[in-house]
Each structure stands twice: as C-alpha cells, then as structure tokens.
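Architecture and fold: a report
Listed below, chain by chain, are the residues.
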Amino acid sequence: MSDGAIVCEGLSKHYSMNGHAGIRSPIAAAKSTLRRALGRPRVAPVEPEGLWALDDVSFNVAQGEVIGIIGRNGAGKSTLLRILSKITKPTRGEARVWGRVGSLLEVGTGFHTELSGRENVYLNGAVLGMTRNDVRRRFDEIVAFAEVERFIDMPVKHYSSGMTVRLAFSVAAHLDPDILILDEVLTVGDAGFQKKCLRRMENDTMQGRTVLFVSHSLPSVLAFCSRCLWLEGGRLVDDGEPKEVATRYLEAVVSQDSSKPTAATQRPVVSEAALVGLSRESADAFRKGERFGDGTARITAVRVGVHEPDKKSADFIQTGDDIAIELDVVAHGEATHARVAVILFDPLGNRVIDANTEMKGELLQMRAGEAARVKFVLHNVLLKPDKYRVSAGIARRGIVNYDGIPSAAEFTVHLNPELMEGFQTYPAIYQCRFSHEITMAAGT
C-alpha cells in the first residue's frame, strides 16, 4: 500500500505459564517431525495455558496519521507497540511496517547503561540506519532538548529516570524516524518537559510523521490524536474519532460498578451534618431511608439526565455537564405555598447540592387532582466521578411535609476526558475549574 505506514492482520501474542511465549519445546518439535516421517496423522495441538496479551487484532495506519491507543492496564497496549517496534514477535498474525521506526517504550529502552549519554545517542542513530555524520548534525539539538548538557559524557547508569526519559525521547524524536512509537513514559518527566514533548509531537504531525501514542491521559489523546484505538483484554474493541471512543471507554470503565447494590435498594448513608435544618420527622426518616409526609401531594416520578445532550445518551452524565432533574407531582388535597426541592448526596452521605423552587421565589399552589412537572437544571456540575443519590421533597415552606423521598433516584457521574488528566483521584467531592502556575527557585 503506497500511502500506508502500518498494517496489522490477526495480530496475536501468547505468553505461556512457564514463561515461554507460545514456543514449542525442542522435544515437541522432534515428535512432530517423527510423526510426519512415519506418515502418522497430525495431532491437533493442545491450546497452551497462559495469557493472550493480544488476540486477533487488525487495523491499518495511513502515513501521517496520529493514533492514540487507550485501555486499562493489561489491555495489550505495550505488547502491541513492542511488536510494531520489532522487539518481540507475534504468536500469530502479521504486522507490516513501512519506514524507519523510532520507539520510546519504557525508561532506558535501547540504552546501554554502561555507555555515556553521548555514546548512546550515536548507538541509537546507528540502529535507525543513520550515518555518524547524520547523528553529528543533530547531536547538539538532541542534547539541548533533553537538557542534559552537563551529564552527556556520564554513564547512563548514573542518570535519574527523568534524565533518561528526556534523552530517550529527544533521540527518538530528533533522529527523523518515519514512524514515532511512544508508550506511557512521559509521566516520568516533569510537567514542563511533558509540555515540551507534546509541542515537539505536534510539530512532527505537522510534518506528516506517523505517530502511535499510548497514554492514560485522555486530554492529551483528544488534543493530539486524529484517531483512537481502544484495547480491552487483548482485543481491539473500538476504533474511531478520539472523543467518541474515549466517551465509550469511560462508560465501560465505570460500568463495572453496575452490579453493586444501589442507594435505592439499601438504606442510604446520611451524615448527621447533612440533616441540619431538617425537622425531627424528616431527619428520622432520612436516617431510616423511609418515605414520609402527610400525602397532600405526592411525587410520582423523578428523572435525572444530561440537559440537552449533544450526540450522547442523556443517561451518560460527565463531570461539567448540565444536569436536568425532573419531578412529576400530583396533589391529593390542597397543597398551598408548596416548595419543591431536590438534594444531592454523595456515597458517604454528604449533602452536596441543594436546589428548590423557593430559592427562585416560586411556590406551587395546587388543588386536589392537579398535576405539575418541575424541572431543575443544574449548570456545569463539576462533581467528581462517582455515584450520587437524589432526595426529593415537597413541603409547605418547611412547616408541613407533603411528601419526602430520601432515595428518589440515583445517577453516576463519569470522568470527562476534556477536564481531567487521566484517572487521578482526589478527596474533594466537588472538582472546580482551576488554573495553575509553577515557579521554580534555585536551591540554597
């Protein structure tokens, strides 16, 4: 294929339990040869025990494409890159690569620790098929980019992991490979160097270089890549536009919790601080998870979803979305000066968000038999990914409770790849938007 860079067909990689990557022993090979010589029927091989790190993976990469590869740990991402870099061979299938490949798969890959940084730069250039003069012309630029001028003649075994990855990336990026293959190694460098690497990678893409980029940083994949592959359990499960693939991936990541009991099927957890301001009756009901109220008006339905979703399911709520909470109310008597309210609780029972109609200066006046629909839209809700519970109620200005449901609905907030770097955890319930600045001072 004249405009192609990589073709993978049925790519599979097996690692057996005894440490051999699906390779037959010499004895097994000799027995097979003897059977053929005696004309005996071939014995079907027994599927070896072990792990299929890759299982029938097929895809094409055109020249100049920038491919992001995502997936959980153990999905097969690094194995795929090692095969494409010709470090290991597939058990089955074929990977065809056109052009010179520069790889940065893990800290120190391709470096001889007993050699100096200078010697390793020339060694890597020779591996890529470059002449000594070609490397010499780029040498100063490589060293300056890596910021290791003072240490370039020191043996690499004395480098820190950050120094090693800086030099390794600089070598891989500056020796003009046709295809640049990068595993999740930039996390070793500091924030400033990571930005520097991404700028270099953006420059490479503008020059039409093909890039394969494994990362858990979904914002980097979205900003940098034109296409995204999602690996799961050694299989390619999705291939397409980065934002769409990342959204489906995140939905799958959190779905593993779907089998756990929900707040609707067990007594809800409520912190005592969350009950401040409630009547004794309401507080007792909340503790027990029981519905309460005199029934003058009843909430008949509660729905939670994304407000005006754009090209995604209304049920798939992400950090930063506008959330719509809709309640249907029916009056069985005269419900006057009625305040409709919703309260959001986190899994620990902390009261996170309050919203009620009285905050907006509006109270319901309902007669028996009348029905109403109340819709709250919570804008730019920056809750961290987790499960949340909605309590709903209607009361006469907090004096008479018509209806109160401690666990009226539950929803899950999913990670938004455009707002967060990877899957780092943080203890706060609410994730505000923020900017940051780092200023380094010289040591004393």
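Overview of the structure. For clarity, every value in this text was computed on a predicted model and none was experimentally measured.

**Focus: the sheet that holds strand S12 (residues 323–331)**
Read from one edge of the open sheet, three strands run S10-S12-S16, paired in antiparallel fashion. For this open sheet the edge positions go to strand S10 (297–306) and strand S16 (371–378), each flanked by a neighbour on one side alone. Between one strand and the next, the sheet's axes are offset by a mean angle of 15 degrees, whatever the strand orientation. Here S12 pairs with S16 via eight bridges, running antiparallel. Of the residues in S16, the one forming a bridge with isoleucine 325 is phenylalanine 376.

**Let's talk about the pairing of strand S13 (residues 335–345)**
On a regular strand, each side chain points to the face opposite its neighbour's, so the side chains alternate between the two faces of the sheet. Here S13 lies mainly inside the structure; nine of its eleven residues are buried. Strand direction decides the pairing type here: S13 and strand S15 (residues 364–366), joined by two bridges, are antiparallel. Opposite alanine 338, over in S15, you have leucine 364 as the bridge partner. Relative to strand S17 (residues 386–396), S13 runs antiparallel, the two sharing eight bridges. Of the residues in S17, the one forming a bridge with leucine 344 is valine 390.

**Observations regarding the pattern of salt bridges**
Under the criterion given, the structure shown has 17 salt bridges. With a closest N to O distance of 3.6 Å, arginine 72 and glutamate 232 form a salt bridge. Here glutamate 232 lies in strand S8 (residues 227–232) and arginine 72 lies in the loop between strand S3 (66–70) and helix H2 (77–84), a separation of 160 residues in the sequence. A relative accessible area of 27% places arginine 72 in the partly exposed class. Arginine 227 is the partner of aspartate 239 in a salt bridge, and the nearest nitrogen-oxygen pair spans 2.8 Å.

Cut-offs used in this document
Residues numbered from 1 in each chain as written. Predicted model: local features only at pLDDT ≥ 70, side-chain atom pairs only at ≥ 80, totals over all residues. Heavy atoms only, no water. Pairing = 2+ DSSP bridges. Helix = DSSP H or I, 4+ residues; strand = E, 2+ residues; numbered from the N terminus. Axes fitted to C-alpha atoms, helices over the stretch in contact; angles between N-to-C directions. Buried < 20%, exposed > 50% of the residue type's maximum accessible area, 1.4 Å probe, protein only. Salt bridge = Lys/Arg side-chain N within 4 Å of Asp/Glu carboxyl O.

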